[in-house]
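Descriptive structure summary
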Amino acid sequence: MSQKFSLVTCFIIFNVLVSISRADEICCCPNFQVKLKMEDPDGNSGTMPVTDNVGEGYKYVAKEDSNVMLSCDLIEKDHPAVKSVEYVFLKSYQMPASLLTLDTTNVVQLCGDSTDSTCTMSNVKYFANPGDDKESSANQIYQCKATITLIDDKLVKLWSHTSLLDVYVAPTYAPTQSFSKDDILEGKGYNKFECTLPDANPPVKPNWQYSPDDSNYEDVFTGRAARVAVLDDKIPSAVENQFSRGDMVLMVYTQAEDNGKFRCTGNWDPSPLTFEDYTNETISEHTTSSSTQSDNGALTLDVLSEIPSTTVFNVDSEVEFTVYVKDTPGRGIYQDVVYTWYEKNSEGTFQEMTLPTANGDLATTNEGRTLVVKDPFKYAASEFKMIATREVTGSDAEEAESAVLGPITSCNFAPKTLYVPTKRMVVYYLRRSDVFLDK
């Protein structure tokens, strides 16, 4: 059998309305695959994959002002059936439903159509909002396309999986701020401790610690977890003028446990990159002492911080949603707060969940304030909310309700799937089970 005749029998012509048959039994056909990779062309380890599966990264990270080389790796590009290959590199700050194409809004083409399978970006820049400058911002989602011309002039067009490039920027710390909080009333509803976090990417996280004598520090949640909230994104509009990201809120002040010093240290983790000249530093210190008087005033439930998971994940990842509420521990006529999580059902109403679920794919931690989703693909379209409730002796019960959290696909979700366009007739040999049609 001639090679030309084999090609005719190997390839299947189809469109979106035509059913697809498998041709695994014909072994002579090229097994085309496209993989998108990123690396530092200067060999300085400035670009690293965060999650990796057979060399195909879901996410890469690079230092700001470094160079990043994109590689569109076409498997079997040297097959005798291949006449020529052209490559296109695209980026977008919004996750596409399936493909990045030039007729899609907010897509930028890099390097132009070329027979070169690489494209180098120089001095990459980070933008907190990539959409503000989609041309210059490098922290976006990338995809490459290979257009293969066969020896019979038929075309095969393949897209790679999508990969997210994040650009890391180290923080610059100001001198440590020192505060003194004297004569705090025993049992005071809440006390705010400030921690002004410096700009950086990824964001600096606040690390709060406590010591009774400014010597041996321990995590601030130790022994007082139900009375502490450390705030992160996002702060609800109802309290955004009172609280900021990084603040620690200590509730129902207890002299025996809280007199001493609280300090906030920046926690910035640039893994897997290495910033040799960076160290975490103390941002603020708060010395506390209590009054001989007690506070028996009213307690008020307010949502302080709703923290969605903003991560790129794969099948083994977990996603967390956390809601912090102030004035939560009980005292006097106020009972302890109960946290209840709800999921929106198919009728569009929120239904109380029994946690953990029977198979453990949903559970709570952090005194019930954090919902852990252990199967993000199963719950990709789910929406959740949390309601904190408290009984009050001789009065109506109180409650505070969070905003809707999710769906998970609103996070930086980067699937690793190959797609074949079907808007017009194409020629393609289906061999891999992980190739899907773009609906």
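Note: the structure precedes this text.
Overview of the structure. (Residues numbered from 1 in each chain as written. Predicted model: local features only at pLDDT ≥ 70, side-chain atom pairs only at ≥ 80, totals over all residues. Heavy atoms only, no water.)

On to the nonpolar core, then. With 29 residues, the main nonpolar core has Leu70, Phe89, Tyr142, Ile148 and Leu165 as its most contacted residues. For this core, the leading source of residues is strand 9 (residues 141–150), giving five residues. In this structure, Cys195, Val230, Phe262 and Ile283 belong to the second largest nonpolar core, which totals 24 residues. (Core = buried A, V, L, I, M, F, W, Y, C linked by side-chain atoms within 4.5 Å. Buried < 20%, exposed > 50% of the residue type's maximum accessible area, 1.4 Å probe, protein only. Helix = DSSP H or I, 4+ residues; strand = E, 2+ residues; numbered from the N terminus.)

The next thing to look at is the state of the cysteines. If you walk through the whole model with that rule in mind, you get three disulfides. Two residues, Cys111 and Cys119, share a disulfide whose sulfurs are 1.8 Å apart. On the sign convention where negative means left-handed, the S-S torsion of about 75° between Cys111 and Cys119 marks this disulfide as right-handed. (Disulfide = S-S within 2.5 Å.)

Across the sheet, which stays open at both edges, the three strands sit in the order 13-17-16 with antiparallel pairing between neighbours. Edge positions in the open sheet fall to strand 13 (190–193) and strand 16 (228–230), since each of these has one partner strand only. Strand-to-strand, the axes of this sheet are offset by a mean angle of 15°, without reference to chain direction. As defined by bridge partners, strand 13 adjoins strand 17 (residues 248–251) across four bridges and the pair is classed as antiparallel. Paired with Lys192 across the two strands is Val249, which belongs to strand 17. (Pairing = 2+ DSSP bridges. Axes fitted to C-alpha atoms, helices over the stretch in contact; angles between N-to-C directions.)

Before going further, it helps to examine the pattern of salt bridges. Counted according to the given criterion, the structure contains 15 salt bridges. The salt bridge partner of Arg227 is Glu257, with a shortest N-O separation of 2.8 Å. Within this pair, whereas Arg227 is found in the loop between strand 15 (218–219) and strand 16, its partner Glu257 is found in helix 2 (residues 255–258), the two being separated by 30 residues in sequence. With a relative accessible area of 36%, Glu257 lands in the partly exposed category. (Salt bridge = Lys/Arg side-chain N within 4 Å of Asp/Glu carboxyl O.)

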